[in-house]
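# Observations on the three-dimensional arrangement
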Amino acid sequence: MTRSRTHPPERRCILDPVTGSQLWQMTNAPCINHGLYFTHPDWTASERDLIFISDREEQFDLYAMSDESGEIRRITDVENLNSFSATPSNKEDRIYFTAGSAAWVVDVPTGEVDRLAHIDGASLTGCSLSPSERQLVTTGFDEQGWKILVVATDGSGVTEVARTERSAYHAQFSPFDEELILYASDIDQRMWLIRTDGGAHHALFLHDSDTWITHESWLGKSGEVMFVHWPHALRAIHVETETVRTICSINVWHPSLAPDETSILCDTTCPDRGILIIDPTDGTWRAVCYPNSSNGGTQWSHEVPAKAEITETTYGPQWTHPHPSFDRRGRRISFTSDRTGHPQVYVYREGERDEKG
């Protein structure tokens, strides 16, 4: 099979059946198409391109859709792409990602791909940039267990920050501290902090194994980490004082922060209230659109995490989850939905017609 480098526009305008709001279905290929992980915007720094992942060409690759013309370009050709690892630069039109045992970067305008680091024998997970973008954090596992790694974005080297017998994934640099990393671990103690020199390694928000903590991310430069206490509330904890507060007492699922840090975006399930915008100061919320995705995962209807064997259907597949995020200026919301039978990427622009809650 000949693999295409470009595809014609697929976007079309539709109406949200609940609110009557205008939606844009950006992809329409009969395959898996999904946005980036919800902690990252789906647009490049210049907003010239919308970035998404698709397996339309026999394997998962990164694609760039021109914001002006809608033309779609395949910008990677790398085996074993971690389809939820892509992290866009905030300064340049470059996307960092992992595939197999390596960390990579692709220049979106040219499609030039460079390998930044290779870690023998390791399977790497997602990644995150430091505030200066001089460092990229990722995690990986091999026969000896899990490791936390910091990769120089100029390709000059990789540092093993720590090894741990516990799992380590969803690593994120603090937006206000170049040396501080948040990462997720086993469900019995979800959140952990560590510094890039391996010091100050400790659990954040101690809890028992029946308390379901998930989907943590930095609450901007506030010094807080927001996290989901499923299915009860969206909460926040200050990393220095460990003061905990409840932001909103509803079933927030995948929360992401607006660029100006004045609102939080999230999807919902069990029940599906649609995509919500939440005020982080008083917890008020409003629904803006309804993805109508299948929201896969047998465990989400329960109040405690899975204790038995975990498979893809326990919490996913992930591409059936909307994972909404704002664009660079907080004007548009992108999300994934399999409402047509295949996961597709959608965009909603804030309008006059929405539903208060």
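For the structure itself, look to the data block above.
Right, let's walk through the structure included here. (Residues numbered from 1 in each chain as written. Predicted model: local features only at pLDDT ≥ 70, side-chain atom pairs only at ≥ 80, totals over all residues. Heavy atoms only, no water.)

### Notes on the overall build of the chain
Broken down by element type, the chain carries 1 helix and 31 strands. By the compact-globule yardstick of 21 Å for 357 residues, the chain fits well, its C-alpha radius of gyration being 19 Å. Taking the principal axes of the C-alpha coordinates as reference, the chain spans close to 50 × 45 × 40 Å. Evaluated residue by residue, the chain yields a buried proportion of 59% over its 357 residues. Sequence-distant contacts, at least 24 apart, represent 45% of the contacts inside the chain between residues at least 6 apart. Only carbon and sulfur atoms are counted for the fraction: they give 46% of the accessible area of the chain, which is about 14700 Å². On the chain, the mean spot of the 31 positive side-chain charges and the mean spot of the 53 negative ones are 5 Å from each other. (Helix = DSSP H or I, 4+ residues; strand = E, 2+ residues; numbered from the N terminus. Rg over C-alpha atoms; globule rule 2.2 N^0.38 Å. Buried < 20%, exposed > 50% of the residue type's maximum accessible area, 1.4 Å probe, protein only. Contact = heavy atoms within 4.5 Å. Areas by Shrake-Rupley, 256 points an atom, 1.4 Å probe, with all protein chains shown as cover. Lys, Arg positive; Asp, Glu negative; His and termini not counted. Charge placed at Lys NZ, Arg CZ, Asp CG, Glu CD.)

### Focus: the side chain of E224
Within the secondary structure, E224 is located in strand β21 (residues 224–229). By relative accessible area, which is 10% here, E224 ends up buried. A polar contact is formed between the side chain of E224 and the side chain of R245, at a distance of 2.9 Å. Beyond its immediate sequence surroundings of up to four residues, E224 is in contact with W218, L219, A236, I237, H238 and R245. (Polar contact = N/O pair within 3.5 Å; in protein donor to acceptor, adjacent residues only side chain to side chain.)

### Points about the sheet that holds strand β20 (residues 213–218)
As summarised here, the arrangement of the 4 strands in space is β20-β21-β22-β23, forming an open sheet in which the pairing is antiparallel. Each having just a single partner strand, β20 and β23 (244–248) make up the two edges of the open sheet. Ignoring strand direction, the axes of neighbouring strands in this sheet form an average angle of 30 degrees. Strand direction decides the pairing type here: strand β22 (residues 233–238) and β23, joined by 4 bridges, are antiparallel. Bridge pairing links L234 to C248 in β23. (Pairing = 2+ DSSP bridges. Axes fitted to C-alpha atoms, helices over the stretch in contact; angles between N-to-C directions.)

### Notes on the pairing of strand β26 (residues 275–278)
By the alternation rule, side chains of β26 split into I275 and I277 and L276 and I278, which are all buried. Direction of pairing for strand β25 (residues 264–266) relative to β26: antiparallel, over a ladder of 3 bridges. Across the sheet, the residue bridging to C266 is L276, located in β26. Looking at chain direction, β26 and strand β27 (residues 285–289) are connected through 4 bridges and run antiparallel. What sits directly across from I278, in β27, is W285. Between β26 and β27, which pair antiparallel in sequence order, lie 6 residues; one of them, G283, sits at a positive phi of approximately 80 degrees.

### So, the pattern of salt bridges
By the definition in use, this model includes 20 salt bridges. In this structure, R166 engages D188 in a salt bridge whose closest nitrogen and oxygen atoms are separated by 2.9 Å. Here R166, found in the loop between β15 (158–164) and β16 (169–173), pairs with D188, found in the loop between β17 (180–184) and β18 (191–195); they are 22 residues apart in sequence, far enough to count as distant. Using a relative accessible area of 22% as the deciding quantity, one classes R166 as partly exposed. Classification of D188 as partly exposed rests on a relative accessible area of 37%. (Salt bridge = Lys/Arg side-chain N within 4 Å of Asp/Glu carboxyl O.)

### Side note on the sheet that holds strand β10 (residues 102–107)
One open sheet holds the 4 strands; their spatial order is β8-β9-β10-β11, and the pairing between them is antiparallel. If you trace the sheet from one side to the other, it starts and ends with β8 (87–88) and β11 (113–118), each paired once.

### Some words on the environment of A152
Here A152 shows up in strand β14 (residues 145–152). Relative accessible area serves as the criterion here: at 16%, A152 is assigned to the buried category. Considering only alpha carbons, one finds A152 and A236, 84 residues apart in sequence, at a separation of 30 Å. A152 has contacts with L116, R134 and G157, leaving out every residue within four places of it along the chain.

### Here we look at the pairing of β18
Buried residues dominate β18, accounting for 4 of its 5 residues. When β17 meets β18, the two strands line up antiparallel, connected through 5 bridges. Paired with I181 across the strands is I194, a residue of β18. The antiparallel pairing of β17 with β18 creates a hairpin that spans 6 residues between the two strands. Bridging between β18 and strand β19 (residues 202–204) involves 3 bridges; their strand directions are antiparallel. Paired with L193 across the bridge in β19 is H202.

### Digging into the side chain of S325
Along the chain, S325 falls in strand β28 (residues 325–326). Residue classification places S325 among the buried residues on the basis of a relative accessible area of 3%. Looking at S325, its side chain comes within polar contact range of the main-chain oxygen of H40, at 3.3 Å. Discounting residues that sit within four places of it in the chain, S325 has contacts with F38, H40, P41, D42, S256, L265, R332, I333 and S334.

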